[in-house]
Amino acid sequence: MAFSPKSHLLFFSFLCIFFTHSLSFNPSHPNKVDVHDLLPLYNLPKGLLPNNVKSYTLYPKDNSFTIQLTHPCYVQFKDQLVYYENEIKGKMSYGKVSDVSGIQAKKVFVWVSVTGINVDEESHMIEFHVGFLSEKLPAKEFENIPTCKNKGCQDSPLASI
């Protein structure tokens, strides 16, 4: 997932052109960039977000974002069950998402909030931060956009507490 010097120049040109004002996406406005296509420009895989993104807004002053999903849902990655709330917030920078809210991962019997995500290019891993703890998963698990699934109340993050 590394970019060449030429692609860095294209990336920064893209930022200058498109991020002079907040960038938003709504399916009813097809001229806007899909958030899944925006993630690789930040060296982040498309599959970090599920397929049911309704809209997003990226604020260029601090690269904070808000993502609205059509509904909350679950995604089962190879070794990890993840819950996405209706609204996901955070700040994006190259290879990193910080101040994350709206994403939880199930650990044994407890749901924990994901607070940050980093790309480790050398090991080809994605590191997920949960407070002061972290876990790395293979980046290839996030190459494809995952499908959201409804699981019912028994799998709700609150049901395990």
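Parameters at a glance
Residues numbered from 1 in each chain as written. Predicted model: local features only at pLDDT ≥ 70, side-chain atom pairs only at ≥ 80, totals over all residues. Heavy atoms only, no water. Helix = DSSP H or I, 4+ residues; strand = E, 2+ residues; numbered from the N terminus. Buried < 20%, exposed > 50% of the residue type's maximum accessible area, 1.4 Å probe, protein only. Contact = heavy atoms within 4.5 Å. Areas by Shrake-Rupley, 256 points an atom, 1.4 Å probe, with all protein chains shown as cover. Disulfide = S-S within 2.5 Å. Phe/Tyr/Trp six-rings, centres within 6.5 Å; stacked < 30°, edge-to-face > 60°. Patch = residues over 30% accessible without salt bridge, like charges linked within 9 Å, V, L, I, M, F, W, Y side chains within 5 Å. Salt bridge = Lys/Arg side-chain N within 4 Å of Asp/Glu carboxyl O. pLDDT = per-residue confidence, 0-100.

Engineer: I'd like to hear about the overall build of the protein chain, residue by residue, with values.
Structural biologist: Check the secondary structure of the protein chain and you find two helices and 10 strands. Written out in order from the N terminus, the α and β elements of the protein chain read α-β-α-β-β-β-β-β-β-β-β-β. The 161 residues of the protein chain split such that 41% are buried. Considering only contacts within the protein chain whose residues lie at least 6 apart along the sequence, 45% involve residues at least 24 apart. Carbon and sulfur atoms provide 57% of the accessible area of the protein chain, an area that totals close to 9200 Å².

Engineer: Tell me about the state of the cysteines, residues and numbers included.
Structural biologist: What the rule picks out here adds up to one disulfide. The disulfide partner of C73 is C148, and the gap between their sulfur atoms is 1.8 Å. Of this pair, C73 sits in strand β4 (residues 73–76) while C148 sits in the segment after β10 (133–138), and the two are 75 residues apart along the sequence. The pair formed by C73 and C148 is uniform in burial state, with each residue classed as buried.

Engineer: Could you give me a rundown of the packing of aromatic side chains, with the residues and numbers involved?
Structural biologist: Going through the model one piece at a time under the given rule, you end up with five aromatic pairs. An angle of 45 degrees between the planes, with centres 4.7 Å apart, marks the rings of F77 and F142 as tilted. Of this pair, F77 sits in the loop between β4 and β5 (81–93) while F142 sits in the segment after β10; the two residues are 65 residues apart in sequence, bridging distant segments of the chain. Exposure class is identical for F77 and F142. Each is buried. Ring plane angle 70 degrees and centroid distance 6.3 Å describe the contact between Y83 and W111, whose orientation is recorded as edge-to-face. One end of the pair, Y83, is in strand β5; the other, W111, is in strand β7 (residues 110–113), and 28 residues separate them in sequence.

Engineer: Tell me about a nonpolar patch on the surface, and name the residues and values.
Structural biologist: Together, V108, F109 and V110 line one region of the surface with nonpolar side chains, adding up to about 350 Å² of accessible area. Assignment of secondary structure puts V108 in the loop between β6 (96–107) and β7.

Engineer: Give me the lowdown on unusual backbone geometry, citing residues and values where you can.
Structural biologist: Within the chain, N43 stands out as a residue other than glycine whose phi angle is a positive 60 degrees. Take N43: it is sitting in the loop between α2 (35–38) and β2 (53–59). Overall, the relative accessible area of 2% leaves N43 in the buried class. The backbone phi angle of D99 is positive, close to 50 degrees, even though this residue is not glycine.

Engineer: Describe the environment of V35, listing the residues and the values that go with them.
Structural biologist: Within the secondary structure, V35 is located in helix α2. C-alpha of V35 to C-alpha of K54: the two residues are 19 residues apart in sequence and 10.0 Å apart in space. Setting aside residues up to four positions removed in sequence, V35 forms contacts with L49, V53, Y56 and I67.

Engineer: Can you explain the confidence of the model for the protein chain? Please cite residues and give values.
Structural biologist: Mean pLDDT for the protein chain: 80, with 75% of residues reaching 70 or above. Between residues 5–31, whose pLDDT stays under 50, and residues either more than four places distant or in other chains, the model counts 38 contacts. In the model, residues 152–161 has pLDDT below 50 throughout and makes 14 contacts with residues more than four positions away in sequence or in other chains.

Engineer: Which residues make up the pattern of salt bridges, and what are the values?
Structural biologist: All chains considered together, the criterion is met by four salt bridges. Across the salt bridge formed by D37 and K46, the nearest N and O atoms sit 3.0 Å from each other. For D37, a relative accessible area of 42% corresponds to the partly exposed category. When its relative accessible area of 30% is taken as the criterion, K46 is described as partly exposed. The salt bridge involving E87 is made with K89; its shortest N-O contact spans 3.6 Å. For E87, a relative accessible area of 32% gives the class partly exposed.

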